[in-house]
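What the coordinates show
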Amino acid sequence: MTHRIAIAPSGFKESLSAARVAEAIAVGVRRVIPDAELDLIPLVDGGEGTAEALALAGGGRLVPCTATGPVGEPVASHFALLGGPGPLAAVVEMAAVAGLALVPPGLRHPGATTTYGVGELIRAALDSGARRILIGCGDSGTSDGGAGALQALGARLADRHGRELRRGGEALHELERIDASGLDPRLARTELLVACNPYNVLCGKRGVARVFGPQKGATPAEVELLSAGLERLADVLTRDLAPAFTPATGAPVDLRTAPGTGASGGLGAGLAAVGARLLPRYDVLLDGLDLDARLARADFVITAEGALDSQTVRGKIPAEVARRAHACGVPVLVLAGTIGPGAQDVRAVGVDAYSSILPAPMTLVEAIGRSGEFLADATERAMRIMALGTRLAPLAA
C-alpha cells in the first residue's frame with residue numbers, strides 16, 4: 001500500500017523558507033516510509049519568501065533593488081514581476097524591506113522603525129510598468145501604520161507646526177494633517193491589493209500595537225503610546241485622504257477596525273487610505289495551488305510553523321491547512337519550533353496532533369542554526385510512533 005502524504009508548511013522565520021521546511025520534513029518521512037508518495041506544498045502567508053514563491057509559481061522574476069530599511073539604513077531588497085496575460089503585475093513583500101529580521105536585536109524598538117522602504121518598493125514597481133501590485137503583509141518589524149510608506153509615495157505628514165513628521169510610530173500622536181497633493185499620480189491608475197491577515201485590526205483592545213508591539217520590542221508604556229498614535233493616524237487619514245470604499249456596503253473602510261487594517265503594524269490601514277483593497281491573504285496567495293484537491297488526495301497531512309501558540313488559530317498557515325484538511329476528513333500533524341500558551345486551541349480547527357521539533361533546551365541561535373536537522377529528526381520520530389500505533393491497533397481491537 002502506497003502512503004500519500006501532503007507536506008504543506010510555512011517557513012520558519014529567520015531560519016528556513018517554506019520550501020526548505022518541506023524538504024526537511026520529506027527527509028524525515030522517507031527515513032521511515034521510503035516509498036511514500038509525497039506532495040510538497042510550501043506555503044507563504046505574505047511574509048518572508050512571498051515574492052520569490054509567487055515569482056516561481058507565476059513564471060516571473062525577482063528584481064533586486066536597494067531601499068530604506070526599517071531602521072533607516074539602506075538594505076538590499078527586491079520585488080517580483082510576474083508573468084502571464086493582462087497588465088504587468090508585481091509583488092512587493094514588505095518583509096523584504098521592513099521585516100523584523102532586518103531590525104538588529106539591539107534596535108528592536110517599533111516606535112522608531114519605518115515602512116518608508118515599502119513605499120520605495122511600490123514606486124520601483126510602478127517604474128517597471130506594473131499596473132497591478134500585490135503587497136504581502138507579514139513578519140513586519142514596524143508599527144507606523146504605513147505612515148513611512150505614504151511619505152515615500154509623496155504624501156506629506158505634518159505636525160501642528162507644519163513640520164514634516166519624523167519617521168516611526170512613536171511620532172504619530174503628533175500628527176496634525178496629511179497633504180496628499182504630492183502622492184504619486186500613478187497610484188490612481190494602479191490596482192493595489194494587500195494580502196493580509198483579516199484578524200489584525202489597527203485600533204482597540206485587539207489593536208495591532210497591543211497584540212504585536214511587545215513581540216517587536218515595545219515596553220507596556222510604549223505600547224500605549226503606539227496605540228494612541230495609531231488612533232490619531234486613523235482619524236487624520238479618514239479626514240484628509242477619503243479611504244477606499246468597502247465593496248459589500250459601499251461605505252468607506254473603517255480604518256480603525258476593518259479586517260486587515262492592522263496588517264504589518266498598520267500598513268494595511270495606510271495603504272487602504274490611498275485606495276488599496278485589503279484581502280484575506282489566503283484568498284490571494286493560494287490561488288492556483290489547487291490546495292483543497294491536493295489535501296483531499298492525501299492520507300495524511302504534515303504542516304509546520306516556527307511557533308505554535310494562541311496566534312496560530314488567528315490566520316496562521318497551520319490553522320488554514322488544518323481547516324481545509326479537516327473538511328476533507330484527512331488527519332493533520334503540526335510540527336513547530338516552539339509550543340506556547342494557547343497551542344491547544346489548534347485542535348478546534350482540525351489539528352489532530354502537534355509536537356515541538358526541539359530535542360533539548362538550547363539557545364535560540366543554536367535552534368535556528370539546526371532547524372533543518374531538527375525538523376527531519378522530529379518528523380522521523382513522529383512517523384515511527386505512528387507506525388508503532390498502526391502495528392498495535394489490531395492487538396487493541
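Quick look at the structure, then.

Cut-off values and rules
Residues numbered from 1 in each chain as written. Predicted model: local features only at pLDDT ≥ 70, side-chain atom pairs only at ≥ 80, totals over all residues. Heavy atoms only, no water. Helix = DSSP H or I, 4+ residues; strand = E, 2+ residues; numbered from the N terminus. Rg over C-alpha atoms; globule rule 2.2 N^0.38 Å. Buried < 20%, exposed > 50% of the residue type's maximum accessible area, 1.4 Å probe, protein only. Contact = heavy atoms within 4.5 Å. Lys, Arg positive; Asp, Glu negative; His and termini not counted. Charge placed at Lys NZ, Arg CZ, Asp CG, Glu CD. Core = buried A, V, L, I, M, F, W, Y, C linked by side-chain atoms within 4.5 Å. Salt bridge = Lys/Arg side-chain N within 4 Å of Asp/Glu carboxyl O. Expected span 1.5 Å × (residues − 1).

**Topic: the overall build of the protein**
Scanning the protein from terminus to terminus reveals 13 helices and 13 strands. What you see for the protein is a C-alpha radius of gyration of 22 Å, in line with the 21 Å of a compact globule of 397 residues. Projected onto its principal axes, the C-alpha positions of the protein cover 80 × 50 × 40 Å. Each of the 397 residues in the protein was classed as buried or not, and the buried ones make up 51%. Sequence separation of 24 or more characterises 71% of the internal contacts of the protein that already satisfy a separation of 6 or more. For the protein, the separation between the mean place of its 38 positive charges and that of its 42 negative charges on side chains is 1 Å.

**Topic: the nonpolar core**
Residues V118, I122, I133, I135 and I178 are the most contacted members of the largest nonpolar core, which totals 61 residues. No other element matches the eight residues that helix α7 (residues 220-241) contributes to this core. When neighbours within four sequence positions are excluded, I135 is seen to be in contact with V92, I122, L192, L193, V194, A195, L267 and L271.

**Focus on the pattern of salt bridges**
Tallying each qualifying case throughout the model produces 23 salt bridges. R232 is the salt-bridge partner of E176, the closest N and O atoms lying 3.5 Å from each other. Of this pair, E176 sits in the loop between β7 (156-158) and β8 (177-179) while R232 sits in helix α7, and the two are 56 residues apart along the sequence. Where D184 meets R186, a salt bridge forms, and the shortest distance between an N and an O atom there is 2.8 Å. There is no split in this pair, since D184 and R186 are both buried.

**Concerning the environment of P214**
Within the secondary structure, P214 sits in the loop between α6 (208-212) and α7. Considered as a pair, P214 and D139 are 75 residues apart in the sequence and their alpha carbons are 14 Å apart. In this view, P214 contacts A209 and V223; residues no more than four positions away in its chain are not counted.

**Details of helix α4 (residues 116-127)**
The first and last C-alpha atoms of α4 sit 17 Å apart over twelve residues, in line with the 16 Å expected at 1.5 Å per residue. Those residues of α4 not exposed but buried are Y116, G117, V118, G119, L121, I122, A125 and L126. Phi turns positive one or two residues past the end of α4, at G129, with a value near 100°.

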